[in-house]
Every structure is written in C-alpha cells, then in structure tokens.
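Single-letter residue listing:
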Amino acid sequence: MLIKQLKYDLKFGNKVLIIFYILAFFFAILTRIFLSIDNSFIMNIIGKVCGGVSISMIFNILINNVMRLWVRFKHNLYGDESYLTHTLPVTKSNIYQSKFLLTLIYLFVGFLVIVLSLFIAYYTEERWDMLKGIINGLSSNLNIATIPFVLSALVILFL
C-alpha cells in the first residue's frame, strides 16, 4: 500500500514540478549557447539574461518543491482530502512514511536537476580547476581529507 500511496503522490506532484525542471534545463542550455558566442555584445547580454532566468528557475525549483510538499501534506492529512486519507486501510505510520519518502524523492530529484542545470550552464575546464583548487585549499586548511569534505558539503547543501 505504501507504493500505491507514493505513486499517487508522485503523479500529483510531477504535473507541476516537471515544468520547472524542463524550464531549468532549457534556460541552462540557452545560457550555455549564448555565453559561448564570444564576439557579440548582444549575445553576451542575452546569455547573462538567460543565466539569470536559469538561476531563478533553480530557486523556483527549491521553493516550489518545499511549498508543494507542504501543501500536499496539509491537504492530505488535515484538509478536505484527509477524510479519504484516514479511511484508507493503512496505519498512520504508513501514511507518514509515504509523505517522508515523497519528500526525500522530490528534494533529491530537485537537487539533481539543480546540479545538472548548473553544470550545463557554467561548466568549463578553468572553472573546474578553480573549484578543485578551492576545495583542496579548504580541506587542507581544515585538516580534512578531500572526499569526506566534499561529501559533507554536499550533504549540508542537500539538507
């Protein structure tokens, strides 16, 4: 029954959030294309605008994920839909587990879309080398190995 609840909630949430995911990828690709054209001032301005829209889509993904999950939780457990939810032949813990897994899935997918969008829009070898230098410098200053430092930073960003 947990899988069925999760499937129903995922279908409901994907209707809206998939639009933001597609827009984030679209504007990341446009940012990449327009910023790669070096000899035109207008293309550089359009690239900067597309970069701003791409970053706003990233924040939109974060905000909409959290808001949609909160509203869905509230409606399913305390709103008009709660009567149907509480009459299901499942325990309360099963309902809460479904909502918790839904939250983890959406936050993980949103985080993945954000990272891929940033990678598509702004990845270059020079920036990658600069990022590696910054990470190595920070991890050596903190006396932490590089891999645990990166993993802990990713976990903190995810949380």
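What you are looking at is a predicted structure, and each value in this text was computed from that prediction instead of being measured.

Calculation notes
Residues numbered from 1 in each chain as written. Predicted model: local features only at pLDDT ≥ 70, side-chain atom pairs only at ≥ 80, totals over all residues. Heavy atoms only, no water. Axes fitted to C-alpha atoms, helices over the stretch in contact; angles between N-to-C directions. Helix = DSSP H or I, 4+ residues; strand = E, 2+ residues; numbered from the N terminus. Parallel < 35°, antiparallel > 145°, perpendicular 65-115°, else oblique. Contact = heavy atoms within 4.5 Å. Nonpolar A, V, L, I, M, F, W, Y, C, P; charged D, E, K, R; others polar. Patch = residues over 30% accessible without salt bridge, like charges linked within 9 Å, V, L, I, M, F, W, Y side chains within 5 Å. Areas by Shrake-Rupley, 256 points an atom, 1.4 Å probe, with all protein chains shown as cover. Salt bridge = Lys/Arg side-chain N within 4 Å of Asp/Glu carboxyl O. Buried < 20%, exposed > 50% of the residue type's maximum accessible area, 1.4 Å probe, protein only. Core = buried A, V, L, I, M, F, W, Y, C linked by side-chain atoms within 4.5 Å. Lys, Arg positive; Asp, Glu negative; His and termini not counted. Charge placed at Lys NZ, Arg CZ, Asp CG, Glu CD. Phe/Tyr/Trp six-rings, centres within 6.5 Å; stacked < 30°, edge-to-face > 60°.

It is worth spelling out the packing of helix α5 (residues 125-141) against helix α6 (residues 146-158) at this point. Any two packed helices are characterised by the angle at which their axes cross and by the distance between the axes. Close contact between α5 and α6 brings their axes to 9 Å; oriented N to C, the two are set at 105°. In terms of their interaxial angle, α5 and α6 are classed as roughly perpendicular. In this structure, α5 uses I135, N136, L138 and S139 to contact α6, whose residues at the interface are T146, F149 and V150. Counted by class, the contact of α5 with α6 contains four nonpolar, three polar and no charged residues.

Nonpolar side chains collect at one region of the surface, where F100, L101, L104, I105, F108, V109, L112 and L116 lie side by side and expose about 660 Å² of accessible area between them. With respect to the element layout, F100 can be found in helix α4 (residues 92-122). Judged by its relative accessible area of 53%, F100 falls in the exposed class.

If you look at the biggest cluster of nonpolar residues, it comprises 17 residues, and the most contacted ones within it are Y21, I61 and Y106. Sorting the residues of this core by element identifies α1 (2-36), α2 (41-78) and α4 as the ones contributing at least two each. Counting residues per element, this core draws most heavily on α1, at eight residues. Excluding its chain neighbours within four sequence positions, the residues that come into contact with Y106 are D9, L10, G13, N14, L17, Y21, N65 and L69.

Below, the discussion takes up a positive patch on the surface. Judged by side-chain charge, K4, K7, K11 and K15 come together as a positively charged surface patch. Position of K4 relative to the elements: it lies in helix α1.

Before going further, it helps to spend a moment on the packing of aromatic side chains. Tallied over the full model, the rule gives six aromatic pairs. Three or more aromatic residues joined by ring pairs make a cluster, and in this case those are W70, F73, Y78 and Y96.

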